[in-house]
2 protein chains.
Amino acid sequence: MLDERSKRVLCAVVESYIDNPDPVGSRYVTKRYSFGFSPATSRNIMADLEDMGFLSQPHTSAGRVPTDKGYRFYVENLLMEKVSFHSEIAELLTRRLKSLREDIDSLLDETSKTLSSLSHYLGLAVTPGPEESTLGRIEIIPYSDERLAVILFTNEGIIKHKVIKNDLSLSRHDLNRIARYLNREYAGFTIKEIRQHLLAEMEREQALCDSLVSRALRLCRDVMSYYGANVFIAGLAEIIELPDFSDVERIKELSRTIEDKRAIIKLIDRIIDAEGVQVVIGSENPVREMKALSVIASAYREGERPGGVIGIIGPTRMDYSSAISLVSTAARFLSSIFDKGGRG
Amino acid sequence: MLDERSKRVLCAVVESYIDNPDPVGSRYVTKRYSFGFSPATSRNIMADLEDMGFLSQPHTSAGRVPTDKGYRFYVENLLMEKVSFHSEIAELLTRRLKSLREDIDSLLDETSKTLSSLSHYLGLAVTPGPEESTLGRIEIIPYSDERLAVILFTNEGIIKHKVIKNDLSLSRHDLNRIARYLNREYAGFTIKEIRQHLLAEMEREQALCDSLVSRALRLCRDVMSYYGANVFIAGLAEIIELPDFSDVERIKELSRTIEDKRAIIKLIDRIIDAEGVQVVIGSENPVREMKALSVIASAYREGERPGGVIGIIGPTRMDYSSAISLVSTAARFLSSIFDKGGRG
DNA sequence: TATTAGCACTCTGTGAGGGAGAGTGCTAAG
DNA sequence: CTTAGCACTCTCCCTCACAGAGTGCTAATA
């Protein structure tokens, strides 16, 4: 599709621009990369690349800037080679996460902070959601006269608790039976499966009387409906320092992105089933507020099964190479923690 | 200290400036408030107010802008009168929090969002910290072969869980005894008291052998040290829209403030013991990044005892009157929830 | 034929200069 | 003590001109 020379020029322009957010001129790039041909030739090539949509000009007589398509080509090129190991984050994570191993929320919170401080972009970390988490055990503890605390243990090491009203004034004995019943029925299934199963089951039960089973189901539904992925995003103060966000409008977009966790979860759904590091560049992103941002993300695994997602969010003019190796290394690191942890 | 006329002029200037972030001129303010004297007289008064430090001029021939001291005077004046009830937030909170009553984290998260969306500033909500929370009950649940889940119930309705390694390979029986021991010893004390007591106790125990008590203490320490207040801040996307934050530097300060929860907790310590709504204006704030921001905050109560804190963070040029009534109403509302809830 | 040097052209960014507008401070009159 | 009048100051905005950077085209070159 592109001849060797065009490739070299395109990648050179992208790299120069990532280094320094000024439109890249033919003279500059030719000198810096000593192509072996003159600026005039580069100009011709760059004009062609612009026609093909890889580069664009802010105005007639400025240098060139990569388009999202240009970044995409550059990234594909990067991904052809083996992703390098980023020893710095491996070390940092080892040190910081040592004491947090037992608590997945703190673990991911710290991971997002570490990703941010090493990349100077936004660090992202998401716990396994209802589709990934499988129920390990459920415990019901009477908490006050009118309230029950339900504790949910997943096989991923997530614990969630929810207080619910003891509307049906169930006795301690009943609660034990309910817990045993639910554990027997649902342990090992994902939260999502359980939700679906609950719906079906409840319809069937409705015909019958107000049995213990139907109480158990109602209680379980209340708890399950509450289950959601936790999203950790860190580094706003860091990323704002970049020249890409010297414009207030861009910062507004960014803060909307950070506050709207649902959009992130929507995005995550696409990434979680894919293998390896995923790169979403600018306008490729379906979320409107993120069309000027790029996302580098990877799922981490819990043994065989997918867990949650971690990643980096930055401007489209982003150091993809380093971000990719950071995310890749961190994801492998997290997966290894969970493997060794032997949870469940 | 100030004669009646000066007061009127000062408050008029502050109000005008809050309405509209342009320096306030003598002609404008005199017309708008029909003082009964001419702009020239206002000019004299305003010059005096400037000498006294209540007003300042951005440059020689601009109008006046309130200083922090000016805002302080204005706010003291406001607080003399009865704080008005803000029915809108009462309604909204009633509606939104109905279903969340049982979970203090969601409750406060939603409160901070509501405060933000009604004020268009940052909404702040903090759970009770170790000094306010009293232990209700502790439960220890074996979780996997090597791990224990410790569930902490406070009388404030907070539940925290922590997974810890079962280093000492305690049996189920031992765990029950430990839990019973801890509940007997510590129920009813604040987390902070328990921490202090633990320290003393552990030193005494160290002399003795590795008894069950000393294991209980160690386990308890791990859990307690993890206990901290949760800080919820919402509304960055909202507050950035204000003209006060059209400057990128200001936004950077703001995002640093939001990311540094420790600074917020430090600030909260001063507010929690005070009665009613507290106002911290700009440079009065000990936290450096917040010297251009004002905080309106109030503790909410759990029955007799202080709970956590809620509040609003905005620019010093802030609608204090409305913010104060919002915070006051919301705090009373939360306190009433906890009262009715009859937790503990 | 592909490459290159040269050159005219275009567009931005910056800084100077000038005028309008707003508001002050001072003075002198009421 | 208050007020009208007026000169003065400072910002903001507009325009203009110019330097600088980079392009696209053309004609010469290997």
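We now turn to the structure provided with this report. Because the structure is predicted, anything quoted here is derived from the model rather than measured.

## A closer look at the interface of chain A and chain B
With 34 residues of chain A in contact, the opposing surface of chain B contributes 34 residues. Of the roughly 3400 Å² buried where chain A meets chain B, counting both sides, 56% is carbon and sulfur surface. Applying the counting criterion to the chain A and chain B interface returns four salt bridges. Going through the elements one at a time, strand 4 (135-142), strand 5 (147-154), strand 6 (159-165), helix 10 (236-239) and helix 11 (248-259) of chain A are the ones with two or more residues in the side of chain A that touches chain B. The greatest single-element share of the side of chain A that touches chain B, amounting to six residues, is contributed by helix 11 of chain A. Within the side of chain A that touches chain B, the residues separate by chemical class into 17 nonpolar, seven polar and ten charged.

## What about the pairing of strand 9 (residues 293-302) of chain B?
All names here are of chain B. Counted residue by residue, strand 9 has nine buried out of ten residues, so it is predominantly covered. Bridging between strand 8 (residues 278-281) and strand 9 involves four bridges; their strand directions are antiparallel. Considered in strand 9, the bridge of Ile-281 is made with Ser-294. The pairing of strand 9 with strand 10 (residues 305-315) spans nine bridges and is antiparallel. The residue bridging Arg-301 from the neighbouring strand is Pro-306, located in strand 10. Hairpin connection of strand 9 to strand 10: two residues between the antiparallel strands, including Gly-303 at a positive phi of 65 degrees.

## Quick notes on the pattern of salt bridges
Tallying each qualifying case throughout the model produces 32 salt bridges over all chains. The closest approach of N and O atoms between A:Arg221 and A:Asp222, which form a salt bridge, is 3.6 Å. With relative accessibility at 30%, the residue A:Asp222 sits in the partly exposed group. Through salt bridges with shared partners, one network takes in A:Glu241, B:Glu249, B:Lys252 and B:Arg256.

## Section: helix 2 (residues 26-33) of chain A
All names here are of chain A. Where helix 2 is concerned, the buried positions are Ser-26, Val-29 and Thr-30. Summarising the axial view, the buried residues of helix 2 lie within an arc of 100 degrees, below the 170-degree limit, and thus occupy one face. Facing away from the buried surface of helix 2 by more than 90 degrees, the exposed residues are Arg-27 and Lys-31. Here the buried face of helix 2 lies against helix 1 (4-19) and helix 3 (39-51). Phi turns positive one or two residues past the end of helix 2, at Ser-34, with a value near 35 degrees.

## Details of the protein's contact with DNA strand D
Among the 20 residues in the neighbourhood of DNA strand D, the closest are listed as A:Ser26, B:Arg5, B:Ser38, B:Thr41 and B:Ser61. At the protein interface, 72% of the atoms of DNA strand D within 4 Å belong to sugar or phosphate. Side-chain polar atom of A:Ser26 to a phosphate oxygen of DNA strand D: 2.7 Å apart, as the coordinates give it. Between DNA strand D and the protein, one listed contact pairs a phosphate oxygen with a backbone N or O atom of B:Ser38 at 3.0 Å. At four residues, the largest contribution of residues to the surface near DNA strand D is made by helix 3 (residues 39-51) of chain B. Partitioning the surface near DNA strand D into residue classes produces four nonpolar, twelve polar and four charged.

## With respect to the sheet that holds strand 5 of chain A
Residue and element names in this part refer to chain A. Read across the open sheet, the three strands follow the order 4-5-6; overall the sheet is antiparallel. The two strands at the open ends of the sheet, each matched to only one other strand, are strand 4 and strand 6. The average angle at which neighbouring strand axes cross in this sheet is 20 degrees, direction not considered. With seven bridges connecting them, strand 5 and strand 6 associate as antiparallel partners.

Cut-off values and rules
- Residues numbered from 1 in each chain as written.
- Chains lettered and ligands numbered in written order.
- Predicted model: local features only at pLDDT ≥ 70, side-chain atom pairs only at ≥ 80, totals over all residues.
- Heavy atoms only, no water.
- Contact = heavy atoms within 4.5 Å.
- Buried area = accessible area lost by both parts, 1.4 Å probe.
- Salt bridge = Lys/Arg side-chain N within 4 Å of Asp/Glu carboxyl O.
- Helix = DSSP H or I, 4+ residues; strand = E, 2+ residues; numbered from the N terminus.
- Nonpolar A, V, L, I, M, F, W, Y, C, P; charged D, E, K, R; others polar.
- Buried < 20%, exposed > 50% of the residue type's maximum accessible area, 1.4 Å probe, protein only.
- Pairing = 2+ DSSP bridges.
- Arc of directions from axis to C-beta.
- Near = heavy atom within 4 Å.
- Polar contact = N/O pair within 3.5 Å; in protein donor to acceptor, adjacent residues only side chain to side chain.
- Axes fitted to C-alpha atoms, helices over the stretch in contact; angles between N-to-C directions.

Just geometry here; none of it tells us what the structure is for.
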